[in-house]
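Coordinate analysis (summary)
Chain by chain, the residues run as shown.
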Amino acid sequence: MKKSAWIVLLLLTVSLTFAQVELYLQDSLVLELKMNGELELVPKSQGATVKSVSAELFLIPQETNRQKVISNSVIPKQNSIEYSWFDGQTGIKTFGYNAEILTKNIRQKVRIKIPFPLTEVSGNEEYLKATKTIDSDNPEIVAKATELAEGEDDLFKVVFKLASWVEESVNYDLNTLTAKASQKASWVLENKQGVCDEMTSLFIAMARSLGIPARFVKGISYSTSELFSNPWQPHGWGEVYFPTIGWVSFDVTFGEYGYVDVTHVSLREGFDPQEADTIYQWIASNVELKARPLEIDMAIKKTGNHIPEEISLQYELYDQEVNFGSYNLVKGILTNDEDYYVATTLQLAAP
């Protein structure tokens, strides 16, 4: 009997192999990724037999404008790696790969105003469709996205407003609901909570509801959050299609709009976060297959140089001296030093 199973693995175990340093402002990183999986064929009776078993892994380093695969111990078959066993034995089977990856601080630069609404999506209609998790046809999602985009005719500004609203409105909350499976975008909109998968799903759903192609990226990133004992964590972010420019990254969780930093390693691009990361198939009799969670180990082999600030900040004071109980005016002057759209976060603190 031929059987198959698909598994979406949301939580991956990681180990820290590099002292914590400031990595987000590096212009490049060389990373060593080790991906390991394990399955077990368990006989259910004495007459159990196995003819074959296979595991197809879809989480593999991608070649993009900002990411290059230097080496991989296993050569992928298009967008996956397939491992097969024909030994007729039950028990534990292991699989995986070692890869060396170069990431660069390169973005798809939006230098011109792209008119909104879009009239041409250049064959990316598939990324406008609603899916099981990204239910972009939900009336509440459509209404909220329409409200945020009202009056705007600049695509970058529209996408920025969607991303900014999700970041500010959805509370990052790793609880039993968000840990077990990715929740629907409509659920996130209603409950205002979730982790990277949920926040990205809502952002993508809102974009698609406005006729803007958007896709989900699965990968790994570096986090300094106290929520995690290990800094390298599985992560999800979005990419939005800009006509004449290409796919532009927007990471709602990190507040990175129009780019992602060099700690982001892309492993898969897709329509929905619940697409299977690993598919198992086996031809056997009276045999059960049990899959273990994937394990990831990330090591930094080389760092680059610090990148310059894209936005310069200057200030002016109305008065150089004030008395106790009085007020002063602080004027902030922001200058975009680049020739493309740049988004940043400002914080004002009163000591």
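Structure shown above.
First things first, this report covers the structure right here in the doc. (Residues numbered from 1 in each chain as written. Predicted model: local features only at pLDDT ≥ 70, side-chain atom pairs only at ≥ 80, totals over all residues. Heavy atoms only, no water.)

Here we look at the overall build of the protein
Within the protein, the secondary structure is distributed over five helices and 18 strands. Its C-alpha atoms give the protein principal-axis dimensions of roughly 90 × 45 × 40 Å. Counting all 351 residues of the protein, 46% fall into the buried class. Residue pairs at least 24 apart in sequence account for 76% of intrachain contacts in the protein once pairs closer than 6 positions are excluded. Here the protein has roughly 18,100 Å² of accessible surface; of this, 50% comes from carbon and sulfur atoms. (Helix = DSSP H or I, 4+ residues; strand = E, 2+ residues; numbered from the N terminus. Buried < 20%, exposed > 50% of the residue type's maximum accessible area, 1.4 Å probe, protein only. Contact = heavy atoms within 4.5 Å. Areas by Shrake-Rupley, 256 points an atom, 1.4 Å probe, with all protein chains shown as cover.)

Some remarks on the packing of helix H2 (residues 155-169) against helix H5 (residues 196-209)
Put simply, H2 and H5 touch, their axes get as near as 10 Å, and they point 150° apart. Regarding H2 and H5, the two cross each other, and that crossing is right-handed. In this structure, H2 contributes Val159, Leu162, Ala163, Trp165, Val166 and Glu167 to the contact, and H5 contributes Met199, Leu202, Phe203, Met206 and Ala207. (Axes fitted to C-alpha atoms, helices over the stretch in contact; angles between N-to-C directions. Left-handed = near helix turned anticlockwise from the far one by under 90°.)

Some points on H5
Across its 14 residues, H5 extends 20 Å between first and last C-alpha, which sits within 8% of the 20 Å expected from 1.5 Å per residue. In terms of burial, H5 is largely enclosed, as 13 of its 14 residues are buried. Following H5 by one or two positions, Gly211 adopts a phi angle in the positive range, close to 80°. (Expected span 1.5 Å × (residues − 1).)

Quick look at a nonpolar patch on the surface
A cluster of nonpolar residues, Leu313, Leu334 and Leu346, forms a patch on the protein surface that exposes about 310 Å² of accessible area. Inspection of the secondary structure puts Leu313 in strand E17 (residues 311-317). You can call Leu313 exposed: its relative accessible area is 58%. (Patch = residues over 30% accessible without salt bridge, like charges linked within 9 Å, V, L, I, M, F, W, Y side chains within 5 Å. Salt bridge = Lys/Arg side-chain N within 4 Å of Asp/Glu carboxyl O.)

A few points about the environment of Trp247
Inspection of the secondary structure puts Trp247 in strand E11 (residues 246-251). The class for Trp247 is buried, based on a relative accessible area of 16%. Spatially, the C-alpha atoms of Trp247 and Lys109 are 10.0 Å apart, while their sequence positions differ by 138 residues. When sequence neighbours within four positions are dropped, the list of residues in contact with Trp247 reads Gln108, Asn124, Tyr127, Pro213, Ala214, Arg215, Glu239, Val240 and Tyr241.

Considering the packing of helix H1 (residues 139-149) against H2
At a minimum axis separation of 9 Å, H1 and H2 run at an interaxial angle of 125°. Accordingly, the angle class assigned to the pair H1 and H2 is oblique. As for the relative orientation of H1 and H2, their crossing is right-handed in sense. Contact residues: Lys144, Ala145, Leu148 and Ala149 in H1; Val158, Lys161, Leu162 and Trp165 in H2. Along the lines of polarity and charge, the residues of the contact of H1 with H2 split into six nonpolar, no polar and two charged. (Parallel < 35°, antiparallel > 145°, perpendicular 65-115°, else oblique. Nonpolar A, V, L, I, M, F, W, Y, C, P; charged D, E, K, R; others polar.)

Notes on the environment of Ser136
By secondary structure assignment, the location of Ser136 is in the loop between strand E6 (91-104) and H1. Sequence-wise, Ser136 and Leu202 are 66 residues apart; in three dimensions their C-alpha atoms are separated by 8.2 Å. Once you skip the residues sitting within four places of it in the chain, Ser136 turns out to touch Leu128, Lys129, Ala130, Ile141, Val142, Ala205, Arg208 and Ser209.

Here we look at the sheet that holds strand E13 (residues 265-270)
Sheets are built from strands that pair by backbone hydrogen bonding, the pairs being arranged parallel or antiparallel. Sheet architecture is open: five strands sit in the order E12-E11-E10-E9-E13, paired in antiparallel fashion. At either end of the open sheet lies a strand with only one pairing partner, and these are strand E12 (256-257) and E13. One ladder, built from five bridges, connects strand E10 (residues 232-242) with E11; its direction is antiparallel. Residue Phe242 lies in a different strand from E11, and its bridge partner there is Gly246. (Pairing = 2+ DSSP bridges.)

Looking at the pattern of salt bridges
Under the counting rule described, the total for this entry stands at 14 salt bridges. Between Glu310 and Arg107 there is a salt bridge whose closest N-O contact spans 2.9 Å. In this pair, Glu310 is assigned in the loop between strand E16 (295-303) and E17 and Arg107 in the loop between E6 and H1, connecting sequence segments 203 residues apart. A relative accessible area of 18% places Glu310 in the buried class.

Notes on unusual backbone geometry
The linkage connecting Phe116 with the following residue, Pro117, adopts the cis geometry, with an omega of 5°. With respect to the helices and strands, Pro117 occurs in the loop between E6 and H1. Positive phi is not limited to glycine here, since Gln78 has a value of about 60°. The residue Lys192 is not glycine, and still its phi comes out positive at about 55°. In this structure, Lys192 sits in the loop between helix H4 (185-191) and strand E8 (193-194). The exposure class of Lys192 is partly exposed, given its relative accessible area of 31%.

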